[in-house]
Amino acid sequence: MKPATDDFLPLAPATLHILLSLAGEKMYGYAIMQEVARQSEGRFKLGPGTLYDNLQRLMKAGLVEEAAARSEDDTSRRRYYRLSGLGRGVLTAEIDRLRGVVDHARAHLKSLRPRRA
Amino acid sequence: MLRWLYIQMLWAHPAGFRHRFGDEMLEAFDLSIGFREHLRLLLDGALSLWRQWVLRPEFHAPWQPTGASGPGYQLLTFQQIEPYKPRGIALAQGGLLAILLLFGVVDAINHGGGKVRTLLIGMRRPGFGLIKLNRAALEGGPPTTTVEAVRDLDDPLRPFARSYFRVVRVLAALDADGDLTISPSEIANAPAALRKLDLNRDGKLSAEECGFLPPGDFAGPARLLARYRGDFMRENPILAALDTDRDGVISAAEIANSAAALKSLDLNNDGSLKPYELLPNPATSQAAGMMGRFDTNEAGVIALQSLPKDDPDVELIRRLLISADRNRDGLVTRGELIVELAAHPDAPRQPGKQP
């Protein structure tokens, strides 16, 4: 039985950032770390241990899969990773969830905003 | 240094994780710049190590290469504990090292090597438990030839000599091939063999280094112990022959001269020393025992007057001692006692024992 996307929610911050990095194109490990730092404007730095621990779990869960090298010329031992269909669905569901949280928060904050005398 | 630590940390990860992600983690470490960044990655690696061993037991299964799933693959591959093959240069270096080691072993076997050689080629001397064979019965015979074992009973002294060679360590050292005979080559090699017994490296051999063992519960005066040592060096013919100055110690000069000294024991002049030429004279040993028993004031003589009176068990000994006192001075010396015991081998040696 295929797992439902909601089974994976909510995502941990590191997991969310990794899935977000892979949303655009396939990447190798160090590039994912760089992309996460760029997305968070340097506030969230992912170490290799955390990255590969998450990748290991995500691949086991079927959210991320290993991809072929970027080109024929790339003979390095780097491995590339990309989102699977399930991973893309989970990421979309998480973003929707976060959007709902943000909308709710905005509405809540609006009602709490102090009125000017 | 930090890189080395990081590599060690990677090695400490579960094999499956290490094989799958180790290279990439190290690459990320190498691409990072700055001491603080490296320190941060080291901490991250430590956390990863903890997570892998504590929180991810489901991933501890052996790693398999990508695409190694499916029944077909299982049929075509071997199960390996270590899936990575070593690099070619490592194989070449290992091969070279093995060849050099082999040459070293062969060279050590061919050109001596002391104790190393003994270890390399196994037992240097045949064990006492091994059955000696009559080789003449084997040579030229058909494959069904019955092998004859040499009977030790041919020489009634050999069973006793075996024990004696174990006790007197000098003999065990000299008899390199363990055949209970000191051959001409073993006599020639005596100085080297004796030097191996010099455990404290003082250049000479004490009674203890020659095999003397003081009684385990000995609590008497040191003077008495010294006397026992002297007796040991005097009563054993091989030690008496080596200790030419009779000082109870085989000095460096005596060790150097040992080959010549040993030849003095060769009664039949055949060049080798057999058990009957090496074993102590029973009369000498018995005399030493009696001196220890009755020379109570340690004067080196037994005073007939000092023997216990009215003791029927001692009366037989008294008769022997009176007979041994050739000069009738009332004192029996060790020499007189030995002569008497040798002349009357059936005489009583201990109180209460009839001949």
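The paragraphs below set out a description of the structure included in this document. (Residues numbered from 1 in each chain as written. Chains lettered and ligands numbered in written order. Predicted model: local features only at pLDDT ≥ 70, side-chain atom pairs only at ≥ 80, totals over all residues. Heavy atoms only, no water.)

### Some points on the overall build of chain A
Item 1. Counting secondary structure elements, chain A contains 4 helices and 3 strands.
Item 2. When the elements of chain A are put in sequence order from the N terminus, they spell out α-β-α-α-β-β-α.
Item 3. Counting every position in chain A, which comprises 117 residues, the buried fraction comes to 38%.
Item 4. Put simply, of all contacts in chain A between residues at least 6 apart along the chain, 58% involve residues at least 24 apart.
Item 5. Working note: accessible area of chain A is about 7,300 Å², and carbon and sulfur atoms make up 52% of it. (Helix = DSSP H or I, 4+ residues; strand = E, 2+ residues; numbered from the N terminus. Buried < 20%, exposed > 50% of the residue type's maximum accessible area, 1.4 Å probe, protein only. Contact = heavy atoms within 4.5 Å. Areas by Shrake-Rupley, 256 points an atom, 1.4 Å probe, with all protein chains shown as cover.)

### Describing the interface of chain B and chain A
Item 1. Each side of the interface is counted separately: chain B has 23 residues, and chain A has 20 residues.
Item 2. Summed over both sides, the interface of chain B with chain A buries roughly 2,000 Å², with 50% coming from carbon and sulfur.
Item 3. Our enumeration of links across chain B and chain A arrives at 4 salt bridges.
Item 4. Our enumeration of links across chain B and chain A arrives at 12 residue pairs in polar contact (both at pLDDT 80 or more).
Item 5. For the side of chain B that touches chain A, the leading source of residues is helix α2 (residues 15–31) of chain B, giving 9 residues.
Item 6. The residue inventory of the side of chain B that touches chain A, partitioned by class, reads 10 nonpolar, 4 polar and 9 charged. (Buried area = accessible area lost by both parts, 1.4 Å probe. Salt bridge = Lys/Arg side-chain N within 4 Å of Asp/Glu carboxyl O. Polar contact = N/O pair within 3.5 Å; in protein donor to acceptor, adjacent residues only side chain to side chain. Nonpolar A, V, L, I, M, F, W, Y, C, P; charged D, E, K, R; others polar.)

### As for the environment of S251 of chain B
Residues and elements named next belong to chain B.
Item 1. You can see S251 is positioned in the loop between α13 (237–242) and α14 (252–256).
Item 2. S251 sits 45 residues away from S206 along the chain, and the two C-alpha atoms are 8.6 Å apart.
Item 3. Not counting the four nearest positions on each side in its chain, S251 is found in contact with G203 and K204.

### Let's talk about the side chain of T50 of chain A
Item 1. Tracing the backbone through its elements, the reader meets T50 of chain A in helix α3 (residues 48–61).
Item 2. Within the structure, the side chain of T50 of chain A is placed 3.4 Å from the side chain of R51 of chain B, a separation counted as a polar contact.
Item 3. With residues up to four places along the chain from it excluded, the contact list for T50 of chain A reads A14 of chain A together with D44 and R51 of chain B.

### Observations concerning the packing of helix α2 (residues 29–39) of chain A against α3 of chain A
Residue and element names in this part refer to chain A.
Item 1. Orientation of α2 relative to α3, taken along the N-to-C sense of each, is 110°, at an axis distance of 10 Å. Considering their axes alone, α2 and α3 lie roughly perpendicular with respect to each other. Counted together, G29, Y30, I32 and M33 of α2 and P48, L51, Y52 and L55 of α3 form the full contact between these two elements. (Axes fitted to C-alpha atoms, helices over the stretch in contact; angles between N-to-C directions. Parallel < 35°, antiparallel > 145°, perpendicular 65-115°, else oblique.)

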